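Each chain, written out:
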Amino acid sequence: CLSDWSSDVCSSDLLFLPALIAVILLLQLRNILAVYGTKKLWLSGQYDRALRRLRWLKMAGRPTAVMMQVEGVILNTAGRQAEAEECYRRALSSAGSSSPRFRCSVLCCLGFTLTEMARYDEAQRCFETVIELGDRTGSARMGIADLLLLQAKEPEKALGLIDQAMRIRLPKLVFADRMGSKAWALALIGRLQEMGESIAAAVRGINPAQKAVAASVHWKVGKALAAVERIPEAIEHFRAAMQADPQGQSGRISQRELEHYGAAG
């Protein structure tokens, strides 16, 4: 009887509860495997292997919102932005009652992908939404800074956002990349000594095993050096980015930089 539900759970409900708990645990296990079972692969530039592992997890049931986000991260880092955007939008639409923190994470990812597709206004709206909801990691501030740097406008604003983001306790994974962005902003402002210090810190922070991150850092350092007309040094970093992760997004855009400077050979 519904009126007695709170004090007298039916025996069928007692049988249902363990099954429900098992389903929830299975979903969480798949999410954990999706995140940690692919991370080392895509960070090392093994994008196809990471996607195959994710497809294997999908065989165990309908993909979760977390799995869709992970797939988007892999595709975006591999330079497949249109597919990544689709994954992020599917993750947002299926997130349902997920925590605001998860939705912020997906919106940040979508913002970075839209930035790489030169859809700057849409990207900025994503990042601004995250800031309004609470930018716990500083990623949204970094996102706005990076899209400003790509357009070579408002470098002072970009630098301020980077400094705000870097006051948040950072995992080692993002420190070098954010220092690369800081060097780029300082270059555009003309603060050359500080630019050099940031470049040195960014390069010191590179983990060669994390090829996707290493390539991104080298590309940003190359952009900083190119901004102050230190082209031979910039070319060295673009070449290092391409060699670190030739199949990834940063390696590919570094290849275009080398072509621009006639140094692709």
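Look above for the structure.
All values derive from a computational prediction rather than experimental measurement.

Q: What should I look at first to understand the overall build of the protein in this one?
A: Along the backbone of the protein there are 14 helices and zero strands. For the protein, the sequential pattern of α-helices and β-strands runs α-α-α-α-α-α-α-α-α-α-α-α-α-α. Within the protein, the proportion of its 265 residues that are buried is 45%. Entry remark: accessible area of the protein is about 14000 Å², with carbon and sulfur atoms responsible for 56%.

Q: Sorry if this is basic, but what is going on with unusual backbone geometry here?
A: Negative phi is the rule for most residues except glycine; trans is the rule for most peptide bonds. Positive phi is not limited to glycine here, since Glu154 has a value of about 50 degrees. Along the chain, Glu154 turns up in the loop between helix H8 (139-150) and helix H9 (155-166). Look at Glu154 and you get partly exposed, because its relative accessible area is 41%. For Glu229, which is not glycine, the phi torsion reads 65 degrees and is therefore positive. Along the chain, Glu229 falls in the loop between helix H12 (211-227) and helix H13 (231-244). Take Glu229: its relative accessible area is 62%, and that puts it in the exposed class.

Q: What is the right way to look at the side chain of Ser250 in this model?
A: Looking at the element boundaries, Ser250 is found in helix H14 (residues 249-260). If we ignore the near neighbours within four places in the chain, the residues touching Ser250 are Ala212, Ala215, Ser216 and Ala241.

Rules used in this analysis
Residues numbered from 1 in each chain as written. Predicted model: local features only at pLDDT ≥ 70, side-chain atom pairs only at ≥ 80, totals over all residues. Heavy atoms only, no water. Helix = DSSP H or I, 4+ residues; strand = E, 2+ residues; numbered from the N terminus. Buried < 20%, exposed > 50% of the residue type's maximum accessible area, 1.4 Å probe, protein only. Areas by Shrake-Rupley, 256 points an atom, 1.4 Å probe, with all protein chains shown as cover. Contact = heavy atoms within 4.5 Å.

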